[in-house]
Structures are given as C-alpha cells and as structure tokens.
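# Working through the structure, step by step
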Amino acid sequence: MEITALQNPLIKETAELKQKKYRLQRQKFLAEGLNTVEVAVSCGAAETLFYTHTEDMRILNLLKKAVSANVKSVCVSDRVMKKIADTETPPGLAAVCKMQHLKLEEMLADGKTLLVLDRVSDPGNVGTIIRTADAAGFGGVVLLRGSADIYAPKAVRASMGSLFNLNVLDGIEEKEFIVAAKEAGYTLLVTSLKGDDNFYGTDLSGQLAIVMGSEISGVSDTLIEASDKKVFIPMEGRAESLNVAVAAAIVMFEILRRRL
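What you are looking at is a predicted structure, and each value in this text was computed from that prediction instead of being measured.

Conventions adopted
- Residues numbered from 1 in each chain as written.
- Predicted model: local features only at pLDDT ≥ 70, side-chain atom pairs only at ≥ 80, totals over all residues.
- Heavy atoms only, no water.
- Helix = DSSP H or I, 4+ residues; strand = E, 2+ residues; numbered from the N terminus.
- Contact = heavy atoms within 4.5 Å.
- Axes fitted to C-alpha atoms, helices over the stretch in contact; angles between N-to-C directions.
- Parallel < 35°, antiparallel > 145°, perpendicular 65-115°, else oblique.
- Left-handed = near helix turned anticlockwise from the far one by under 90°.
- Expected span 1.5 Å × (residues − 1).
- Polar contact = N/O pair within 3.5 Å; in protein donor to acceptor, adjacent residues only side chain to side chain.
- Core = buried A, V, L, I, M, F, W, Y, C linked by side-chain atoms within 4.5 Å.
- Buried < 20%, exposed > 50% of the residue type's maximum accessible area, 1.4 Å probe, protein only.

With respect to the secondary-structure elements, Thr48 resides in strand E3 (residues 46-51). When near neighbours in sequence (up to four residues on either side) are disregarded, Thr48 contacts Val71, Lys72, Val74, Ala94, Ala95 and Val96.

Contact geometry of helix H3 (residues 34-42) with helix H4 (residues 57-68) gives a least axis separation of 10 Å together with a crossing angle of 20 degrees. The pairing of H3 with H4 is recorded here as roughly parallel in orientation. Two packed elements cross with a definite hand, and for H3 against H4 that hand is left-handed. Here Leu34, Asn35, Val37, Glu38, Val41 and Ser42 of H3 come into contact with H4, specifically with Arg58, Ile59, Leu62, Lys65 and Ala66.

Spanning 16 residues, helix H12 (residues 244-259) covers 23 Å between terminal C-alpha atoms, matching the ideal 22 Å at 1.5 Å per step. On its buried face, H12 sits against strand E6 (114-118), helix H7 (123-135), strand E9 (187-191) and strand E11 (208-213). One side-chain oxygen at the N-terminal end of H12 lies 2.8 Å from the backbone nitrogen of Ala245; it belongs to Asn243.

Grouped together as the largest cluster of nonpolar side chains are 54 residues, with contacts concentrated most on Leu49, Leu115, Leu117, Ile210 and Met212. Sequence-distant contacts of Ile210, that is, excluding residues within four places in its chain, are made with Thr113, Leu114, Leu115, Val116, Phe138, Leu189, Thr191, Val251 and Ile255. Counting residues in each nonpolar core, the second largest holds 21 residues, with Leu104, Leu114, Ile172 and Ile178 among its members.

Okay, here's the thing in structure tokens:
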C-alpha cells in the first residue's frame, strides 16, 4: 500500500527529523540515497525505509534484505518522498536511522588515531571529512562543541555511508577532550598556519589525535596551548589557506602512507 497523504502522521513525524530539535528528542535521523541506505541497513542502524515505486533491482534487493533484517519498509508517492527528503530532487529512497551512542572514554580506549574538529561549522565539510577518515582507516572523528551537527542531512549525505562505519562523537567540550585524551596517552597534534614544524617532517607514530579547525578561525588557543605538536602543511602557491576537508585529507592519507 502506497502512502500518498502529506499529513499522514508517520510522514509528518519523519519529515520533522530534518530539524535538529526533533533529531535530538528522538535520537534518530534521516539518511537519503541508495549507497547510504545500503550501509545503514547492513550495519543495523536503519529502522524504517521509505521508497517510491521502482524497477531498480539493486533497490528491490535492498528492500528484501531490509525485510529479513526486520526493518519496516514503506512505499510512498513521489510527492510524499519530496516532503520527507531534504534534497530538491529526492533519490527515491530514504531511511530513519538510530544515532550512535558512544562515550569519549570508549573511543579513546581503542588507542587508534583520531581526527578532532574544532568549530568546523559547515556540514558538507564535516560529512566529507568523516568519509575520508573512514577511507584512511582512522579510529574515529570527534567534533568539539561549536562544530556542525553530524546528523544534519547535508552532513549525512556527504559522508556517503561512512557515518555508519566509523565511530563519531559530537558536542564534546574541548577541556573534557584534552583531559581525557592526555589520560589515555594520546599525543595531541594541532595543525595551524602558525605551526612550528613542517607536517611532512614530523614524527606521526604512536597514539595520535589530530586537531583541525575551520579555515577561518583555526584551532582555539586552548587547544594550541595543550598540544604536544604544532605543525603546518607547506604550500608553495599563492593561496593563503586550504579548505579544512582538503587539509584533513592530506593529513590523514600521509599518516596512512607512513603506516602501510
């Protein structure tokens, strides 16, 4: 049975997840697109799938997999999907998913390399960084208070499913992170245009927490003072700085290169 009514209670409730206050209240968020929803179903994060009529075998196989995983599947009209989705041209597939519930101490206990974002406010950058961290084999991404909401639709789309593969925490106070990371034996490495050392000549071994700030504001003075290493990424051209997602990719894949 296809839902066609925009005022259907389930549809209204699902559309509300585009707003942060409802995501926080329900501890749920919306994921859109085939690649992202596939990962959500595979890892057990998806609770309900919404789809429009399709002959696409990949989507049909995903719906079968969802049924076997006890994920509710709901057929909706194109108009209803447009109300649910955040994009102008909805992909025809969306899922309501559960948020991660992980404590900072649990993430630090793994001892794996972490990326820490300080007031990176663009959700597209945040999602891209999460995707890159997943590709580079990082242990997780920590977003300090003032950064974008990792469950905002734009961030979820940009992560392309990596949000479900990687340990991610947001809203962490910087002082809380500094204390916990030091106690767990992490080396805090801050990237800054005013860093002391060339990143490519820096020792990147051991338990590292790489701290990066926004292109405009950079890393806070508190984090710089608490850092064990302050580095800069060398540039030869006329550009004054790098987009944070680009800088993060450079840093993470250099660390991966050295560890291969």
